[in-house]
Amino acid sequence: MIRLAALALSFGAFLPISVLAQQDTNIAGVVAPTKLDAFSTNIGTVIVRATIDIGTVQANVAALTIKCEEMSEPRVNRREYGIGIEIVNGRGFKDTRLIDYDELDPFLNGLDYLGKVDWSVTAMNTFHASYTTKSGFRVDSFSSKRSGYIEYAVHDLAASIPGIPLSRDQIVQLVNFLEQAKIKLDAVRGK
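As a convention, each chain's residues are numbered from 1 in the sequence order in which they are written. Per-residue local features are limited, in this predicted model, to residues with pLDDT of at least 70; the limit for side-chain atom pairs, both in listing and counting, is 80 or more; totals at the level of whole chains, interfaces and linings are taken over all residues. Only hydrogens and water are set aside; all other atoms, that is, all heavy atoms of the structure, feed into the side-chain values.

**Topic: helix α4 (residues 168-189)**
Under the convention used in this document: Helical segments are the DSSP runs of H or I of at least four residues, strand segments are the runs of E of at least two, and each set is numbered from the N terminus. What a helix is expected to span follows from its residue count: subtract one and scale by 1.5 Å. Three labels apply to residues, based on accessible area from a 1.4 Å probe with only protein chains included: buried if under 20% of the type maximum, exposed if over 50%, partly exposed otherwise in between.
The end-to-end C-alpha separation of α4 is 31 Å, in line with the 32 Å expected for 22 residues at 1.5 Å each. Among the residues making up α4, those that are buried are Gln 170, Ile 171, Leu 174, Val 175, Phe 177, Leu 178, Ala 181, Lys 182, Leu 185 and Asp 186.

What follows is the structure, encoded as structure tokens:
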């Protein structure tokens, strides 16, 4: 019994140290979904964030601004690239979802599919197709045969806000800006 108590005490003595060690590497206490997000959780080092605005999709209730993103840690010569989608709605909400460079091609392929989806995907009365990035930016395509047309929306799954409805033309505009951002990133990265 005494050995068990001593073991519990010695284990308890190490617990606060391991918890503190975890806090030093990740200020939020959660695993960052993207490499770009991971940069923002680093503490005790200089992080440089650089952006280039590519374009803005104006929706009825919100605006989506697409930006090229570069984050670097000069001390160790580490860089990561991707895009940021800044979401601003009429209620004062503002957030940015980050998408790593290596996620861009699958994201663009997913958006291409969503832009072309039609009733051939199902014999059911309704459908809902979506693509979600690692950081929680989701694009939806959905419809009901009763309505007769296909609708689109984007969501920031990390926030408690309603989806932002987009027209097919706005989805095309979003894809065009994302493609422009990828071309710009390819040039910046030297590819």
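**Here's the deal with the packing of aromatic side chains**
Stated precisely, the cut-off is as follows: By convention, a stacked pair of Phe, Tyr or Trp rings (six-membered ring in the case of Trp) has centres within 6.5 Å and planes under 30 degrees apart, an edge-to-face pair has planes over 60 apart, and any other such pair is tilted.
Taken as a whole and assessed by the stated rule, the structure comprises three aromatic pairs. Taking 5.6 Å as the distance between ring centres and 35° as the angle between the ring planes, the aromatic pair formed by Phe 107 and Tyr 131 counts as tilted. Here Phe 107 is found in helix α3 (residues 104-116), whereas its partner Tyr 131 is found in strand β5 (residues 126-132), with 24 residues between them in sequence. Residue classification places Phe 107 among the buried positions, given a relative accessible area of 0%. Ring geometry for Trp 119 versus Phe 127: centroids 4.9 Å apart, planes at 80°, classification edge-to-face. On the basis of relative accessible area, Trp 119 is assigned to the partly exposed category, the value being 23%.

**Remarks on unusual backbone geometry**
Leaving glycine aside, a negative phi is the common case for residues, and trans is the common case for peptide bonds. Backbone geometry places Asn 77, a non-glycine residue, at a positive phi of 55°. Tracing the sequence through the fold places Asn 77 in the loop between β2 (62-73) and β3 (78-89).

**A short note on the confidence of the model for the protein**
As a reminder of what qualifies: Residue-level confidence of the predictor is summarised by pLDDT, bounded by 0 at the bottom and 100 at the top. Two residues form a contact once any of their heavy atoms are found within 4.5 Å.
Across the protein, the average pLDDT comes to 84, with 83% of residues at 70 or higher. In this model residues 4-28 is a low-confidence stretch, pLDDT under 50, and it forms nine contacts with partners more than four residues away in sequence or in other chains.

**Quick notes on the nonpolar core**
The cut-off we apply is this: Here, nonpolar core means buried Ala, Val, Leu, Ile, Met, Phe, Trp, Tyr and Cys residues that are tied together by side-chain atoms lying within 4.5 Å of each other.
In terms of nonpolar packing, the biggest core is built from 37 residues, with Ile 85, Leu 166 and Leu 178 touching the most fellow members. The leading source of residues in this core is α4, at seven residues. Not counting the four nearest positions on each side in its chain, Leu 178 is found in contact with Ile 66, Ile 83, Ile 85, Phe 107, Leu 108 and Leu 111.

**Overview of the packing of α3 against α4**
The following threshold applies: To define axes, lines are fitted to C-alpha atoms, for helices over the stretch in contact only, and angles between the resulting N-to-C directions are given on a 0 to 180 degree scale. Just so you know how the angles are binned, under 35 degrees is roughly parallel, over 145 roughly antiparallel, 65 to 115 roughly perpendicular, and the rest oblique. Here a crossing is called left-handed whenever its near helix is offset anticlockwise from the far helix by less than a right angle, and right-handed whenever the offset is clockwise. Gly is put with the polar residues, along with every residue not named as nonpolar or charged; the nonpolar set is Ala, Val, Leu, Ile, Met, Phe, Trp, Tyr, Cys and Pro, and the charged set is Asp, Glu, Lys and Arg.
At their nearest, the axes of α3 and α4 sit 11 Å apart, and the two run at 160° to each other. Put simply, α3 runs roughly antiparallel to α4. Between α3 and α4 lies a crossing whose hand is left-handed. Where α3 abuts α4, its residues Leu 104, Asp 105, Phe 107, Leu 108, Leu 111 and Gly 115 lie against Arg 168, Val 175, Leu 178, Glu 179, Lys 182 and Leu 185. Tallied by class, the residues present in the contact of α3 with α4 amount to seven nonpolar, one polar and four charged.

**Overview of the environment of Pro 74**
In this structure, Pro 74 sits in the loop between β2 and β3. Here Pro 74 falls in the partly exposed class, since its relative accessible area comes to 48%. Residues Pro 74 and Val 48, spaced 26 residues apart in sequence, show a C-alpha to C-alpha distance of 7.6 Å. If near-sequence neighbours (up to four positions away) are discounted, Pro 74 is found in contact with Val 46 and Val 48.

**Description of the pattern of salt bridges**
Defined as follows: Any Lys or Arg side-chain nitrogen found within 4 Å of a carboxyl oxygen on Asp or Glu counts as a salt bridge.
Taken as a whole, this structure holds 13 salt bridges when the rule is applied. Lys 94 is paired through a salt bridge with Glu 86; the nearest N and O atoms lie 3.7 Å apart. According to the relative accessible area criterion, Lys 94 is exposed, its value standing at 58%. Linking Asp 156 and Arg 97 is a salt bridge whose minimum nitrogen-to-oxygen distance equals 3.2 Å. In this pair, Asp 156 is assigned in strand β7 (residues 150-156) and Arg 97 in strand β4 (residues 94-100), connecting sequence segments 59 residues apart. Here Asp 156 falls in the buried class, since its relative accessible area comes to 3%. The buried category is assigned to Arg 97, whose relative accessible area is 12%. When salt bridges that share partners are traced, they join Asp 53, Lys 67, Glu 86 and Lys 94 into one network.

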